[in-house]
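# Close look at the chain arrangement
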Amino acid sequence: MTDSLWPKLRLKADSEDELIAAYRQVYLDTYVFDEQGNKRIFTDWTGAKITFAAGDFEHAFTKAQNYRFGACVHDGGFDHERARRILWIAEVLAASAGTIQRYTQTKKDSRGRDKKRRTYVVVDESYVVVLDDPRKPDKPFTFVTAIPANPSYIQTEIRQKAFLAETKAGG
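Quantities reported herein were computed from a predicted structural model and do not represent experimental measurements. (Residues numbered from 1 in each chain as written. Predicted model: local features only at pLDDT ≥ 70, side-chain atom pairs only at ≥ 80, totals over all residues. Heavy atoms only, no water.)

### Comments concerning the pairing of strand 6 (residues 141–148)
Within strand 6, six of the eight residues are buried, which leaves the element mostly enclosed by the surrounding structure. For strand 2 (residues 49–51) and strand 6, the ladder comprises two bridges, and the chain directions are parallel. What sits directly across from Ile50, in strand 6, is Phe141. Relative to strand 6, strand 5 (residues 127–132) runs antiparallel, the two being bridged by six bridges. Looking across to strand 6, one finds that Tyr127 is bridged to Pro148. (Buried < 20%, exposed > 50% of the residue type's maximum accessible area, 1.4 Å probe, protein only. Helix = DSSP H or I, 4+ residues; strand = E, 2+ residues; numbered from the N terminus. Pairing = 2+ DSSP bridges.)

### Observations regarding the packing of aromatic side chains
This structure, assessed with the given rule, holds 15 aromatic pairs. Look at Tyr27 and Tyr31: their rings are 6.0 Å apart centre to centre, the planes differ by 45 degrees, and that puts the pair in the tilted class. Highlighted residues: Tyr27 and Tyr31, both in helix 1 (residues 16–32), separated by four residues, approximately one helical turn. Taking relative accessible area as the criterion, Tyr27 reaches 0% and is therefore assigned buried. Overall, the relative accessible area of 0% leaves Tyr31 in the buried class. An aromatic cluster is defined as three or more aromatic residues linked by ring pairs; in this entry it consists of Tyr23, Tyr27, Tyr31, Phe42, Phe52, Phe57, Phe61, Phe78 and Phe143. (Phe/Tyr/Trp six-rings, centres within 6.5 Å; stacked < 30°, edge-to-face > 60°.)

### What about the confidence of the model for the chain?
A low pLDDT score tells you not to read the predicted coordinates there in detail. On average, the chain scores 90 in pLDDT, and the residues at 70 or more come to 92%. Scored below 50 in pLDDT, residues 67–74 makes 13 contacts in the model with residues more than four places away or belonging to other chains. (pLDDT = per-residue confidence, 0-100. Contact = heavy atoms within 4.5 Å.)

In structure tokens, the structure reads:
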């Protein structure tokens, strides 16, 4: 029996670089391109369309040494715990299990412009998936990151600064 809602993916490789490449390939195959090489479009439980960019792997699966006060620079290396949960992203979007809270939030981007975000918090796992809202209504949301978060981060960075739009019981 697992302690988590979903199993973790534990890939093996001969070197750290090969391991990162293996997780990157899982990301590309699962979220970015289908078997024919076409761009995948996901749909969450609300019907919102979501895309994943190939270049977002580095941001989503590396650590930022100073995430609270940094400039969103991921300088802490590959994050094995994030990578092991790589397949959880699809489960969260489908609300396949657990209790998932969906938040909306407006934050400043690196240029000082307002940017709307959609954040999913898996209450049972302290796991967070973040999407950027589309700039135009007919465009899809875009994946930003997915992280195992501590309760303090969820409380101070999400619950206190965002609007709870919906709570969904998965399964």
